[in-house]
Protein chains: 4
Amino acid sequence: MKALFAHAARDLRLSDCDLPAPGPGEVTIRLARGGICGSDLHYYLHGGFGSVRLKEPMILGHEVAGHVEALGAGVTGLAPGDLVAVSPSRPCGACAECRRGLPNHCLNMRFYGSAMPFPHIQGAFRERLVADAAQCVKAEGLEPAEAAMAEPLSVALHAVRRAGDLVGRRVLVTGCGPIGVLAILAARRAGAEEIVATDIAPGVLDFARRAGADIALDTAAEPEALAPYASGKGSLDVLFECSGAEPALRAGIAALRPRGVVVQLGLSGDMALPMMQITAKEIELRGSFRFHEEFRTAVAMMRKGLIDTRPLLTHSFPLADFAEAFDTAADRSRAMKVQLEFA
Amino acid sequence: MKALFAHAARDLRLSDCDLPAPGPGEVTIRLARGGICGSDLHYYLHGGFGSVRLKEPMILGHEVAGHVEALGAGVTGLAPGDLVAVSPSRPCGACAECRRGLPNHCLNMRFYGSAMPFPHIQGAFRERLVADAAQCVKAEGLEPAEAAMAEPLSVALHAVRRAGDLVGRRVLVTGCGPIGVLAILAARRAGAEEIVATDIAPGVLDFARRAGADIALDTAAEPEALAPYASGKGSLDVLFECSGAEPALRAGIAALRPRGVVVQLGLSGDMALPMMQITAKEIELRGSFRFHEEFRTAVAMMRKGLIDTRPLLTHSFPLADFAEAFDTAADRSRAMKVQLEFA
Amino acid sequence: MKALFAHAARDLRLSDCDLPAPGPGEVTIRLARGGICGSDLHYYLHGGFGSVRLKEPMILGHEVAGHVEALGAGVTGLAPGDLVAVSPSRPCGACAECRRGLPNHCLNMRFYGSAMPFPHIQGAFRERLVADAAQCVKAEGLEPAEAAMAEPLSVALHAVRRAGDLVGRRVLVTGCGPIGVLAILAARRAGAEEIVATDIAPGVLDFARRAGADIALDTAAEPEALAPYASGKGSLDVLFECSGAEPALRAGIAALRPRGVVVQLGLSGDMALPMMQITAKEIELRGSFRFHEEFRTAVAMMRKGLIDTRPLLTHSFPLADFAEAFDTAADRSRAMKVQLEFA
Amino acid sequence: MKALFAHAARDLRLSDCDLPAPGPGEVTIRLARGGICGSDLHYYLHGGFGSVRLKEPMILGHEVAGHVEALGAGVTGLAPGDLVAVSPSRPCGACAECRRGLPNHCLNMRFYGSAMPFPHIQGAFRERLVADAAQCVKAEGLEPAEAAMAEPLSVALHAVRRAGDLVGRRVLVTGCGPIGVLAILAARRAGAEEIVATDIAPGVLDFARRAGADIALDTAAEPEALAPYASGKGSLDVLFECSGAEPALRAGIAALRPRGVVVQLGLSGDMALPMMQITAKEIELRGSFRFHEEFRTAVAMMRKGLIDTRPLLTHSFPLADFAEAFDTAADRSRAMKVQLEFA
């Protein structure tokens, strides 16, 4: 069986990998699709990000779906042939954070394809995957490509829940990569009344509009595009910051009304924040990280036709063409979501 | 000019009514449509409800839309011919509740068609209406019949906001009259994952299904229909109680999981509540009353196609046929929302 | 070793009971004090309450403190001789509610001295008790009698947290038995600005005043005592309903301002609630049930002198005099908190 | 009548000022005490802060108390001789923010002693002051020096309410000037279980300890003093950041557990924030600015003995010695709160 390993920056290799038999409560999944995420790209392009660096070969990938092939002892509710979305999140269920109801902050988290602890947590880009049945959500009625969107959609749904009630709110989304566009879809689904989106890459703004943004602004061409929203003490209610770019966050904070809420999804290093505005407008800045129960919700939303992620799926490549897939994903002028085809 | 007065139970009269000139900040509106609400029906059928009784003739009606005909001094943003939805809510803006940001609890509220204070607050079922420009929301692109749905939709949107974040929640709606069906639409718009609806009138359950209920149950035919949701400590997250009926609330509380939320919209007299369940499951029961800023949101949601209220509009009658209109509205086996045609 | 069993209404017996050796993670505690709670009294006086009935002999008691006598394997952080407050709450840590961070709603709860499941969960009124080390909180610096107040204080602290931020709030407490008086202490500690208390037993009102109530009203002598607070739409912010009595809850709801919060601690059967007021004032009624992490907080608050429960300790009796103890506890004109002395 | 004007950095002058007669709803107050705040010091030392600069002479001062001397027409509830604390906050009551219940964000705020709009809002350091009766809270039973603490205490109480429920929480306060020490008092009053305080000036740590801090750490002497709290994913629940210093905020964020809350009170320019930690731990950073209804609460808390601000009052000087007063206030090694004596 082959798996896609990152050895170092610009060094991906399709190599052999053992396939264990499924243990009790586990299933074997024949992978169908796997989406390339920004963190996969960071490992590919830079060998990591910030202080998180590859120290040994690591299988990439955490946005995957496939078909159940075999069941371990005691597994119920799944049958061979079922299409499942596989959650990459494996909290321990026993630590203080898990017991507080915050499994996304599990102190012993084993999230697929993460170089954070050592040995690294191996990822899911492999032809077959043995996973806990509890990680699998049945995706009947979806295409495998959609099912593999459950993971990034979960990230967006979690962010939307972090924002609190959105009904009738005026929302800003900064950064219209896959997570930003999914945040637009999720915010619209959650009742946002007006959605303004910004990016510095004009190509992605069409995706934002198709996802439901009322207005999509190119802040490279027009750096002051948000200024009208910032007049007085600001006017927008909620900012989903998906770019990880300091200028985007700063412009967004200026556009928020007093008590406006920032949900920070975009990952970044340190940023210089306008503390006087944050304090004087009593802005609420909330981090949003991964997800937990939203994974099940993401699959349900897609199955019911309440959120349609298909317009984001711009490219897919056979596993053997992984190099082209990663290079395509790295080019924002061409690609939104790029997936690998495993079967 | 004619207006529709309630004199006592079963005594409605179309009578002459003066039309003042619009004062500063006011506009004259030529009414187009007016929906008959449950409270209008109570005045018609019973002369009031609970301790609220007609003590003098009162013009009914508070779900209205029409076209601007004349502007008072200083009005901007409106022009003759504009279709507007007219909010019946007129808080004072100066009392302690208004200053707390709770205008729906204004201590000096003058809500159209209410017999609560004396002299009564006259309603909006009249051929022409002088209203504050601030009550008017432009409804360009909507039919007048839809614009007149802004008011009951506002009630549902307010209730949904009272429930807090609904993304991924499992929701129960008890009572599928117009408010219940609008609550289904609003909950779906707000991200509810699963919606179960109940009523004792089988005819309305189809409206519930068309509005997005995943499951609609006839609790007259099957009184224990919710029992599967009540096993263990219950399973549903939120109940929108729109019936004002004690059995519905009691069955709903049993179906809620610990910390489940009840939003009580249905008006009723005293009810015997299962306090042991409420306490031991730490249920949260929240009243929801009228609306404020949700009126503007309701119009915006309909204009953007985010909520479609048209399937609820089952009947309309010329103003002269008010008697047939009210009798139709009183017959749940035939009617969902009944409107009067003013022009 | 002796333990205090309830066999039926008015049938308590001090009988022999086995003492197992402490297993891994367990400790043996030599009990010092045990407080008699309202539920103990219900078993004693009526053989149960509502549908919860004694079906086999059950050891009573869940408000206990004592000294560590022996340690099972692997126990750290405790030593023989340590005074500990023992939490009676034993959630499973693995069910859906525990994983949601709501262990007080554990689907497999084994709370000391509860006849709810069958076989019943045996209680803690025994000379020696083997408990999980995790149930024990060190109470150095406290008297055993105070340490045994940790449990009812936890109930009050949990209720206060259910109310949300209390700083500057005007609070009503209805029912001034031990839980009501502890709610006064906890609400004051949490920043309440004004505290009004009511009861129908004049004797307890002095305890309420000493605990910090600004005003304590005898609603037996003056049934309309709260009417001044109910003028207009009401004036108080939060009600802690500790009586389980319908007239208290109804009068309290009338005294609350719009959006006022009721925290219902008092256990009761069905109550007829004023739904029109609840809906029109958008009252929030929240059940409050037991506690979890507040147990540790309760001990810490007493140790730091932030809450002083000693004025509530009116009586204690040697274990052998259990009959007099229970009869005293049942007489509200004489007793606030009655404890058994085990050693 | 004399008032204390700031003309520029290091240029304060005691000059004549007119005293108008009190208009309808106004009162004349003979000032007794006025506390020197950090913003007063900024005008004195630097002529402003950030982009807020003196452009014309401005009377300083906004922490004042005095005795009612004369009443304008229609004033009730106050009588000559009454000691009152005077709120410096004068929201318009009519703008969008006031109507949302957020008067501290009033779009037309006229807060005493602010150079933010032009012409500047004149302050309260004058022998006599004409104020709205609504700004005055009776302070019977307090010393004037305490009454003049109502304003900074309001800032701390507002911050504590921004933090949400504090019962049983572990709290960190960074910066132990007057606002930090008042935050300690307020957090303790609101039910905090453990309070850790830090400052770089060892002298103020004793004030922190006397106010209730369990632990007070000198982070100048020991820059890594908070490291033990930051192990794993951090351990503290809430940070009140009162220093406006980037290293304090950064160390505090590291010490917070996942979902920990930062309430930012300290004013500052831009700060470089650790966004990876904020995002990955889902930290909530909330600005806190001024106060509104907390002013009345502050007076009530002091009058009831629930919060004692007197230990903060280290120095007072006759008005004529204003120069010494300001120089003393500027020296953190000597002074906590410095007040001017007006009468």
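The coordinates are above.
These remarks concern the structure in this document. (Residues numbered from 1 in each chain as written. Chains lettered and ligands numbered in written order. Predicted model: local features only at pLDDT ≥ 70, side-chain atom pairs only at ≥ 80, totals over all residues. Heavy atoms only, no water.)

Now for the pattern of salt bridges. Across all of its chains, the model carries 108 salt bridges over all chains by this definition. Arg310 of chain A is the salt-bridge partner of Asp308 of chain A, the closest N and O atoms lying 3.0 Å from each other. The exposure class assigned to Asp308 of chain A is partly exposed, which follows from its relative accessible area of 33%. Here Arg310 of chain A falls in the partly exposed class, since its relative accessible area comes to 48%. Among the charged side chains, a network of salt bridges with common partners joins Arg162, Glu284 and Arg286 of chain A together with Arg162, Glu284 and Arg286 of chain D. (Salt bridge = Lys/Arg side-chain N within 4 Å of Asp/Glu carboxyl O. Buried < 20%, exposed > 50% of the residue type's maximum accessible area, 1.4 Å probe, protein only.)

Of the transformation superimposing chain C on chain B, the axial component is 0.0 Å and the angular component is 180°, with the fit at an RMSD of 0.0 Å. In short, the pair behaves as if placed about a two-fold rotation axis. Relative to the rotation axis, the closest C-alpha in chain C is found at Ala272 of chain C, a distance of 2.0 Å. Of the residues that chain C buries at the interface, 100% are likewise interface residues in chain B, meaning the two copies contact each other through the same surface. (Least-squares fit on C-alpha atoms with pLDDT ≥ 70 in both. Contact = heavy atoms within 4.5 Å.)

For the rest of this paragraph, the subject is the environment of Glu146 of chain C. Residue and element names in this part refer to chain C. The topology assignment puts Glu146 in helix H3 (residues 144–147). Sequence separation between Glu146 and Val173 is 27 residues, and the spatial gap between their C-alpha atoms is 23 Å. Ignoring any residue separated from it by four or fewer positions in sequence, one finds Glu146 in contact with Met302, Thr309, Arg310 and Leu313. (Helix = DSSP H or I, 4+ residues; strand = E, 2+ residues; numbered from the N terminus.)

Next up on the list: the interface of chain C and chain B. In many reports, interface size means the accessible area that the parts give up when they come together. Taken together, the 41 residues of chain C in the interface contact 41 residues of chain B. Buried area between chain C and chain B, summed over both chains or domains, comes out near 3400 Å², and the portion from carbon and sulfur atoms is 55%. Counting across the interface, chain C meets chain B through 6 salt bridges. In this structure, the connection of chain C to chain B is made through 30 residue pairs in polar contact (both at pLDDT 80 or more). Elements supplying a minimum of two residues to the side of chain C that touches chain B: helix H4 (150–162), helix H7 (246–255), strand S15 (256–264), strand S16 (271–273), helix H8 (275–280) and strand S17 (284–287) of chain C. (Buried area = accessible area lost by both parts, 1.4 Å probe. Polar contact = N/O pair within 3.5 Å; in protein donor to acceptor, adjacent residues only side chain to side chain.)

Mapping chain D onto chain B calls for a screw motion: a turn of 180° about the axis and a shift of 0.0 Å along it, with 0.0 Å RMSD after fitting. Take the interface residues of chain D: 100% of them recur as interface residues in chain B, which is what a same-surface contact looks like.

Before going further, it helps to spend a moment on the packing of aromatic side chains. Scanning all chains against the criterion turns up 20 aromatic pairs over all chains. Aromatic pair Tyr43 of chain A and Phe49 of chain A: ring centres 5.6 Å apart, planes at 55°, arrangement tilted. Of the residues examined, Tyr43 of chain A reaches a relative accessible area of 2% and is grouped as buried. Each ring, one from Tyr44 of chain D and one from Phe326 of chain D, has its centre 5.3 Å from the other, and the planes form 65°; the classification is edge-to-face. With Tyr44 of chain D in helix H1 (residues 38–46) and Phe326 of chain D in helix H10 (residues 322–329), this pair connects stretches of sequence that are 282 residues apart. For Phe326 of chain D, a relative accessible area of 0% corresponds to the buried category. (Phe/Tyr/Trp six-rings, centres within 6.5 Å; stacked < 30°, edge-to-face > 60°.)

All names here are of chain D. Sheet analysis places strand S1 (residues 2–8) next to strand S2 (residues 11–16), joined by 6 bridges and oriented antiparallel. Of the residues in S2, the one forming a bridge with Ala8 is Asp11. Between the antiparallel neighbours S1 and S2 lie 2 residues, among them Arg10 with a positive phi of about 60°. The sheet contact formed by S1 and strand S6 (residues 58–59) spans 2 bridges and is antiparallel. Residue pairing across strands places Ala6 opposite Met58, the latter belonging to S6. (Pairing = 2+ DSSP bridges.)

Note that all results are geometric; they support no functional claim without further evidence.
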